[in-house]
Amino acid sequence: PIPEGVCSLTALTYLRLYSNKLEGGIPQCIGDLGRTLGYLNLGINQLAGTVPEGVCSLTALTLLGLFSNHLVGGIPACIGNLSAKLTTLGLQSNRLTGTIPVGVCSLTAITHLALYSNHLFGGIPLCIGDLGRTLVKLAFGTNRLTGTIPEAVCSLVAIEFLGLGSNNLEGGIPPCIGELGAKLTSLGLSINRLTGTIPAGVCSLTVLSYLALGSNDLFGGIPMCVGNLSRTLAQLSLDNNRLTGTIPAVVCSLTALTTLELGSNDLEGGVPPCIGDLSHLTTVTLGGNRFTGTFPEGVCRLTGLLALTLQDSVFTPGPIPECLCSLPQLEHVDISNSTRTGRLPPCLFGHQLPNLYNFSASRNNVNGSIPMSVCRATPLMYLDLGSTGLTGAIPDCIGQLVNLTSLRLIGVALSGPLPRGLFELPGLE
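In this report, the structure presented in the accompanying data block is examined. For clarity, every value in this text was computed on a predicted model and none was experimentally measured.

1. A look at the overall build of the chain
A count of helices and strands for the chain gives zero helices and 30 strands. In terms of overall dimensions, the chain has a C-alpha envelope of 80 × 50 × 30 Å along the principal axes. Within the span of the chain, comprising 429 residues, buried residues form 54% of the whole. Summing over all exposed atoms, the chain offers an accessible surface of approximately 17300 Å²; the carbon and sulfur share of this is 53%. Across the chain, the centroid of the 20 positively charged side chains sits 4 Å from that of the 24 negatively charged ones.

2. So, the pairing of strand S26 (residues 365-368)
Because side chains alternate across S26, one face comprises the buried residues Val-366 and Gly-368, and the other comprises Asn-365 and Asn-367, none of which is buried. Two strands pair when backbone bridges link them, and strand S24 (residues 340-343) and S26 are joined in this way by three bridges, in the parallel orientation. The residue of S26 that forms the bridge with Thr-341 is Asn-365. The sheet contact formed by S26 and strand S28 (residues 389-392) spans two bridges and is parallel. Paired with Asn-367 across the bridge in S28 is Gly-389.

3. Some remarks on the sheet that holds S24
Backbone-to-backbone hydrogen bonds pair the strands of a sheet. The strands run either parallel or antiparallel. Taking strand neighbours across the sheet as the criterion, the five strands line up as S22-S24-S26-S28-S30 in an open arrangement whose pairing is parallel. Strands with a single pairing partner mark the edges of an open sheet, and in this sheet they are strand S22 (318-319) and strand S30 (413-414). Alignment of S28 against S30, held across two bridges, turns out to be parallel. Bridge pairing in S30 links Thr-391 to Ala-413.

4. Some remarks on the pattern of salt bridges
Opposite charge on two side chains allows them to pair when their charged atoms are near. Counted by the stated rule, this structure contains six salt bridges. Two residues, Glu-424 and Arg-420, come together in a salt bridge whose shortest N-O distance is 3.7 Å. The exposure class of Glu-424 is exposed, given its relative accessible area of 54%.

5. Description of the state of the cysteines
One pass over the full model with this rule turns up nine disulfides. Covalently, Cys-375 is tied to Cys-397 through a disulfide, its sulfur atoms 1.9 Å apart. For the disulfide bridge between Cys-375 and Cys-397, the dihedral angle about the S-S bond is near 75°, and by the sign convention the bridge is right-handed. One end of the pair, Cys-375, is in the loop between S26 and strand S27 (382-384); the other, Cys-397, is in the loop between S28 and strand S29 (406-408), with 22 residues separating them in the sequence. Here the two residues Cys-375 and Cys-397 agree in accessibility, since each one is buried.

6. Comments concerning the layout of surface pockets
Of the volumes computed, that of the largest pocket is approximately 240 Å³. Together, 22 residues line the largest pocket, and Gly-165, Gly-188, Ser-190, Tyr-210 and Ala-212 are the ones closest to its centre. Sorting the residues of the lining of the largest pocket by element identifies strand S9 (161-163), strand S11 (186-188), strand S13 (210-212) and strand S15 (235-237) as the ones contributing at least two each.

7. Considering the environment of Cys-78
Mapped onto the secondary structure, Cys-78 falls in the loop between strand S3 (63-65) and strand S4 (88-90). Spatially, the C-alpha atom of Cys-78 lies 11 Å from that of Thr-59, the residues being 19 residues apart in sequence. Once you skip the residues sitting within four places of it in the chain, Cys-78 turns out to touch Glu-53 and Cys-56.

8. A few points about the environment of Thr-10
Of note, Thr-10 is situated in the segment before strand S1 (14-16). With relative accessibility at 52%, the residue Thr-10 sits in the exposed group. In contact with Thr-10, not counting residues within four places along its chain, are Asp-32, Leu-33 and Thr-36.

9. Digging into unusual backbone geometry
Even without being a glycine, Ser-19 presents a positive backbone phi close to 60°. By secondary structure assignment, the location of Ser-19 is in the loop between S1 and strand S2 (39-41). For Ser-19, a relative accessible area of 42% puts it in the partly exposed group. The backbone phi angle of Asn-240 is positive, close to 55°, even though this residue is not glycine. Relative to the helices and strands, Asn-240 is located in the loop between S15 and strand S16 (242-243).

10. Observations regarding the packing of aromatic side chains
Tallied over the entire structure, the rule returns four aromatic pairs. When the ring of Tyr-14 is compared with that of Tyr-39, the centres are 4.3 Å apart and the planes differ by 10°; the resulting orientation is stacked. Residue Tyr-14 is located in strand S1, and its partner Tyr-39 is located in strand S2; the two are separated by 25 residues in the primary sequence. On the accessibility criterion, Tyr-14 (48% relative accessible area) is partly exposed. Ring geometry for Phe-295 versus Phe-315: centroids 5.6 Å apart, planes at 65°, classification edge-to-face. Here Phe-295, found in the loop between strand S20 (290-291) and strand S21 (307-309), pairs with Phe-315, found in the loop between S21 and S22; they are 20 residues apart in sequence, far enough to count as distant. In this structure, Lys-137 packs its charged tip against the face of Phe-161, placed 5.2 Å from the ring centre.

11. Some thoughts on the side chain of Ser-186
Secondary-structure assignment places Ser-186 in strand S11. Assessed through its relative accessible area of 11%, Ser-186 is described here as buried. Those residues in contact with Ser-186, other than ones at most four positions away along the chain, are Glu-160, Phe-161, Leu-162, Leu-208 and Tyr-210.

12. Some words on the environment of Leu-425
Mapped onto the fold, Leu-425 is located in the segment after S30. Separated by 25 residues in sequence, Leu-425 and Gln-400 have C-alpha atoms that sit 8.2 Å apart. Apart from residues lying up to four places away in sequence, Leu-425 is in contact with Ile-398, Gly-399, Leu-401, Val-402 and Leu-404.

Rules used in this analysis
- Residues numbered from 1 in each chain as written.
- Predicted model: local features only at pLDDT ≥ 70, side-chain atom pairs only at ≥ 80, totals over all residues.
- Heavy atoms only, no water.
- Helix = DSSP H or I, 4+ residues; strand = E, 2+ residues; numbered from the N terminus.
- Buried < 20%, exposed > 50% of the residue type's maximum accessible area, 1.4 Å probe, protein only.
- Areas by Shrake-Rupley, 256 points an atom, 1.4 Å probe, with all protein chains shown as cover.
- Lys, Arg positive; Asp, Glu negative; His and termini not counted.
- Charge placed at Lys NZ, Arg CZ, Asp CG, Glu CD.
- Pairing = 2+ DSSP bridges.
- Salt bridge = Lys/Arg side-chain N within 4 Å of Asp/Glu carboxyl O.
- Disulfide = S-S within 2.5 Å.
- 1 Å grid on protein atoms, 1.4 Å probe; cavity = no way out; pocket = protein on both sides within 12 Å on 5 of 7 lines; lining within 4 Å.
- Points joined across faces, edges and corners; volume = space filled by probe spheres on them.
- Contact = heavy atoms within 4.5 Å.
- Phe/Tyr/Trp six-rings, centres within 6.5 Å; stacked < 30°, edge-to-face > 60°.
- Lys NZ or Arg CZ within 6 Å of the ring centre and 35° of its normal.

Here you go:
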């Protein structure tokens with residue numbers, strides 16, 4: 001534990017016990033250091049108990065870090081007493097409960113306010129806009145917050161990071177969000193209950209690099225003006241909503257994109273071939289929509305691609321493109337139920353895709369036998385070829401896939417004995 005003797009160090013200005021294995025509680029007498037202590041970091045320990053009200057007497061503090069512990073109870077209502085100098089308040093990754101006290105709005109020097117990964121509930125304080133001149137990072141994600149996103153957030157004109165994801169927020173995204181365009185680089189609102197359309201104001205966030213609105217109940221189309229974000233946007237995550245319409249061709253102007261997640265919506269039409277021009281893409285998630293037209297072979301130009309998800313699409317029937325074998329970084333491929341026909345290209349397994357650990361081509365009309373090359377795909381952990389027209393035997397060498405944890409061959413007319421090596425795979429479920 002932290003010895004109470006530290007409270008006798010009345011000339012102490014800096015106390016950093018960060019990243020140890022300290023247990024027990026924070027001494028109640030910590031407030032005795034209030035006149036001098038400017039820095040207190042007890043993060044990444046195993047501290048338990050509550051945040052003592054004594055911290056509110058530490059009026060010289062510029063940083064208070066109690067993150068990544070096992071603290072419980074509420075944030076002291078008196079936290080606003082630290083208004084004079086406190087620039088960083090880190091209480092994230094604990095077990096704190098209760099509401100966010102309005103006292104945080106009195107921290108008018110604050111630049112970083114991190115309360116994420118707790119059990120906080122209630123609404124976002126309407127007074128949050130009072131921090132508009134100084135607040136650079138606001139991280140309230142992974143709590144149990146309810147209510148709407150107050151328009152007061154649009155007063156946070158210095159904000160660079162706004163993270164409200166993984167809560168129970170509802171209502172619409174404030175149309176005024178575009179007023180944060182000068183500095184906002186990260187907007188995370190995923191995994192809430194937000195409704196309405198994506199406001200055109202997001203297109204005014206011209207220095208944005210991260211836009212995550214996935215797993216909500218948003219509807220309407222992808223704004224055509226999204227092309228305004230072409231110079232900076234690296235991640236566009238709009239998956240698991242109710243978006244309709246087509247993928248606008250202006251998406252192909254987002255030349256900094258590394259992650260494009262549009263899966264599990266009601267999008268239709270074809271996948272723009274120009275997707276292949278986005279040379280920095282590493283993740284493409286488009287499955288679970290109503291896409292038609294030809295299989296988007298443009299993705300084969302994305303030589304840095306790690307993950308490709310195109311499942312549940314009604315593409316024109318055709319073979320699995322062998323050009324996928326020219327993507328040496330591929331780790332995850334899901335083309336299940338995408339009207340693929342013909343044989344499984346042997347080149348999908350083995351030295352051409354040396355990192356492939358997840359492959360699913362289930363619910364397609366692929367035929368022929370399982371290629372022997374599958375035995376060379378030793379990183380494979382998940383292989384799903386169920387509900388296909390495959391025939392023949394399971395290759396005897398299947399036991400070489402020592403990392404395999406899931407093999408799904410349900411609804412396949414295979415023949416012959418089960419390979420002995422299959423039962424010797426240590427991790428197979």
